[in-house]
Amino acid sequence: MGKLDGRVAVVTGAGRGIGAEVARTFAAEGASVVVNDLGASMDGSSTEGTPAEEVAEEIKRAGGKAIANNCDVTDFEATEQMIRQAVETFGGLHIVVNVAGIIRDGMIFKMDERQFDSVIAVHLKGSFNTTRHASVYWRENRGGEYRLIYFISGSGLWGAPAQPNYAAAKMGMVGLSNSCASALAGYGVTSNCIAPVAYTRMTASLEGKSTTMNYSPDNEKLSTKNVVPPVVWLASEESSWMNGRIIQCGNGRIGLFNSPAIEREVTTPGVWDLDDAFEEMNTTFRDAVEYPNPFRKPRA
Ligand SMILES: NC(=O)c1ccc[n+]([C@@H]2O[C@H](COP(=O)([O-])OP(=O)(O)OC[C@H]3O[C@@H](n4cnc5c(N)ncnc54)[C@H](O)[C@@H]3O)[C@@H](O)[C@H]2O)c1
């Protein structure tokens, strides 16, 4: 008995790295998988090879069910055909995992328009495309155990300085996921995000450089296998009570992020006087922002 028996999944960016691991594990757990990958270079400026075919063949050789798809997730019509391909080939669609991604890093003051637009296009527009087309199918076939899963990043959650494009795209995906969590719950869809960490080509350049993580192909805790368990769980029927949340995973850890909540609040009975509002925020908010840790001393 597999954890995803009888379920049909589309996994974008599944020709390499984390996406390939997700596709292989989904298939090993009984899902039929559309393995999507364009074969893009890391910055998305060129394509090479046929990684989607390779992963789909590997799955089939292992006895699983898979079909390759080479579409560019930024293409609205092509992603519609990909959703149709899943339904026509495997008789339905239950899970869409948005993993496809590129990076084009640079400080905000040096970033050109193309650098920004291309990264937004793959992560955010690509996720919109798959979601939009899947949602039409789910609305017409309401009441299943349907799943949207978005791969986001700590880069957006904490603000990586040289990734304003990538950070913005990933936090855009959080908004997309949250909106869909509200809009599609009535049709049986849950929508959640995964913030992963793993050693892949995307993080290989951090080898020997990170102060927080031992990025190395020899560090098994950073294996893509350590990202997969919460993705399989979210894709399964067991997670139907989880909607609109973010799970961080990798490096041997699986963490649930809190939902946005007001931390401090000041109020007025009528209309704010500007000086009063300044005063209240300077006192009440500053404590929370600057001294959230009892061990951290106030600035002199
Ligand atoms: N590796 C990490 O530690 C890490 C951390 C945070 C977030 N992520 C995110 O996880 C996801 C997977 O990352 P990875 O490390 O496995 O990267 P990867 O580069 O190994 O894989 C990304 C895949 O996406 C495909 N792709 C790119 N553009 C595409 C397009 N337009 N259409 C279809 N496919 C396309 C690429 O061909 C590639 O195979 C990405 O969204 C990434 O931003 C990774």
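Enquirer: Help me out: how do you make sense of the environment of Ala121 in this one?
Expert: Checked against the element boundaries, Ala121 lands in helix H4 (residues 113-140). Its 18 C-beta neighbours within 10 Å are what place Ala121 among the partly exposed residues. In this structure the C-alpha to C-alpha distance between Ala121 and Leu157, which are 36 residues apart in sequence, comes to 19 Å. With sequence-adjacent residues up to four places away left out, Ala121 is seen in contact with Thr74 and Gly126.

Enquirer: What am I meant to see in the site of the ligand here?
Expert: Neighbouring residues of the ligand: 33 residues in total, closest Gly13, Arg16, Gly17, Gly101 and Thr200. Here the element with the most residues in the shell around the ligand is helix H1 (residues 17-28); it accounts for 3 residues. Here the residues of the shell around the ligand are counted per class, giving 15 nonpolar, 14 polar and 4 charged.

Enquirer: Looking at this model, I keep getting lost on the domain arrangement of the chain. Mind explaining?
Expert: Size of an interface: often given as the accessible area lost when the parts come together. In terms of domains, the chain is made up of domain 1 (8-256) and domain 2 (262-300). The centre of domain 1, based on its C-alpha atoms, is set 39 Å off from the matching centre of domain 2.

Enquirer: Hey, could you run me through the pairing of strand E8 (residues 253-256) in this one?
Expert: In summary, the side chains of a regular strand alternate between the two faces of the sheet. Where strand E7 (residues 246-250) and E8 come together, 4 bridges link them in antiparallel fashion. Bridging across to E8, Gln248 finds its partner in Gly255. From the end of E7 to the start of E8, which pair antiparallel, there are 2 residues, and Asn251 there has a positive phi angle of about 60 degrees.

Enquirer: Please explain the pairing of E7 as it appears in this structure.
Expert: The pairing of strand E6 (residues 189-196) with E7 spans 4 bridges and is parallel. Note on E7: the bridge partner recorded for Cys193 is Ile246.

Enquirer: Explain the sheet that holds strand E4 (residues 95-98) to me, please; I cannot follow it from the model alone.
Expert: Backbone-to-backbone hydrogen bonds pair the strands of a sheet. The strands run either parallel or antiparallel. With mixed pairing, 8 strands are arranged side by side in an open sheet as E3-E2-E1-E4-E5-E6-E7-E8. On the outer flanks of this sheet lie strand E3 (65-69) and E8, each paired with one strand and no other. Looking at each pair of strands side by side, their axes are set apart by 20 degrees on average, direction ignored. Relative to E4, strand E1 (residues 8-11) runs parallel, the two being bridged by 3 bridges. Paired with Val10 across the two strands is Val96, which belongs to E4. Of the strands in this sheet, strand E5 (146-151), E6 and E7 touch helix H6 (residues 164-183), which is tilted by about 155 degrees from E6.

Enquirer: Looking at this structure, I do not really get the environment of Val11. What am I missing?
Expert: Positionally, Val11 belongs in strand E1. As a C-alpha pair, Val11 and Thr130 span 119 residues in sequence and 9.9 Å in three-dimensional space. If we ignore the near neighbours within four places in the chain, the residues touching Val11 are Gly19, Val22, Ala23, Phe26, Val33, Val35, Asn36, Val97 and Val99.

Enquirer: Would you mind going over the packing of H1 against helix H2 (residues 51-61) with me for this structure?
Expert: Between two packed helices, the angle of one axis relative to the other and the distance separating the axes together describe the packing. For the pair H1 and H2, interaxial distance at closest approach is 10 Å and the crossing angle is 25 degrees. Classed by the angle they form, the pair H1 and H2 counts as roughly parallel. Note on packing geometry: the crossing formed by H1 with H2 is right-handed. Contacts between H1 and H2 involve Ala20, Ala23, Arg24 and Ala27 from the first element and Val55, Glu58 and Ile59 from the second. When the residues that make up the contact of H1 with H2 are grouped by side-chain class, the tally is 5 nonpolar, no polar and 2 charged.

Enquirer: Whenever I open this one, the environment of Val22 confuses me. Can you help?
Expert: Structurally, Val22 is set in helix H1. Val22 sits in the buried class, given 30 other C-beta atoms within 10 Å. Through-space distance from the C-alpha of Val22 to that of Val33 is 9.8 Å; in sequence the pair is 11 residues apart. Every residue in contact with Val22, bar those within four places of it in the chain, is listed here: Val11, Ala14, Val97, Val99, Val228 and Val231.

Enquirer: What's the story with the nonpolar core in this structure? I'm lost.
Expert: Side chains that are nonpolar tend, in soluble globular proteins, to be buried together. In this structure, Val11, Ala23, Phe26, Val33 and Val35 are the most contacted members of the largest nonpolar core, which totals 73 residues. The dominant element in this core, judged by the number of residues it contributes, is H6, at 7 residues. Excluding anything up to four places from it in sequence, Phe26 contacts Leu4, Ala9, Val11, Ala31, Val33, Val232 and Ala235.

Enquirer: Where do I start with unusual backbone geometry in this structure?
Expert: Phi is mostly negative for residues that are not glycine, and the peptide bonds are mostly trans. Located in the positive-phi region is Asn251, a residue other than glycine, with phi close to 60 degrees. As for its position among the elements, Asn251 is in the loop between E7 and E8. Judged by local crowding, Asn251 falls into the buried class, with 20 C-beta atoms found within 10 Å.

Rules behind the numbers
The residue numbering used here restarts from 1 in each chain and proceeds along that chain's sequence as written. In keeping with the model being predicted, local features are shown solely for residues with a pLDDT of at least 70 and side-chain atom pairs are shown and tallied solely at 80 or more, while totals for entire chains, interfaces and linings include all residues. Helix and strand definitions follow DSSP, with helices as H or I runs of at least four residues and strands as E runs of at least two, each counted in order from the N terminus. Our exposure labels follow a C-beta count within 10 Å of each residue's own C-beta, placed from the backbone: buried means 20 or more other C-beta atoms, exposed means 12 or fewer, and partly exposed covers the counts in between. By definition, residues are in contact whenever their C-beta atoms, placed on the basis of the backbone, come within 7 Å of each other. To decide nearness, the C-beta atom of each residue is placed from the backbone, and the residue is near a molecule or strand if that atom lies within 6 Å of it. Gly is placed with the polar residues, together with every amino acid not listed as nonpolar (Ala, Val, Leu, Ile, Met, Phe, Trp, Tyr, Cys and Pro) or charged (Asp, Glu, Lys and Arg). Each domain's extent is set by a domain assignment, obtained either automatically or from a database. By definition, two strands form a pair when at least two bridges between them are found by DSSP. With axes taken as lines fitted to C-alpha atoms, and helix axes fitted only over the stretch in contact, angles between N-to-C directions fall between 0 and 180 degrees. Any angle that falls under 35 degrees is termed roughly parallel, while one over 145 is termed roughly antiparallel, one within 65 to 115 roughly perpendicular, and all others oblique. The hand of a helix crossing depends on one turn: near helix anticlockwise from the far one by less than a right angle means left-handed, and clockwise means right-handed. To form a nonpolar core, buried Ala, Val, Leu, Ile, Met, Phe, Trp, Tyr and Cys residues must be joined through C-beta atoms within 7 Å.

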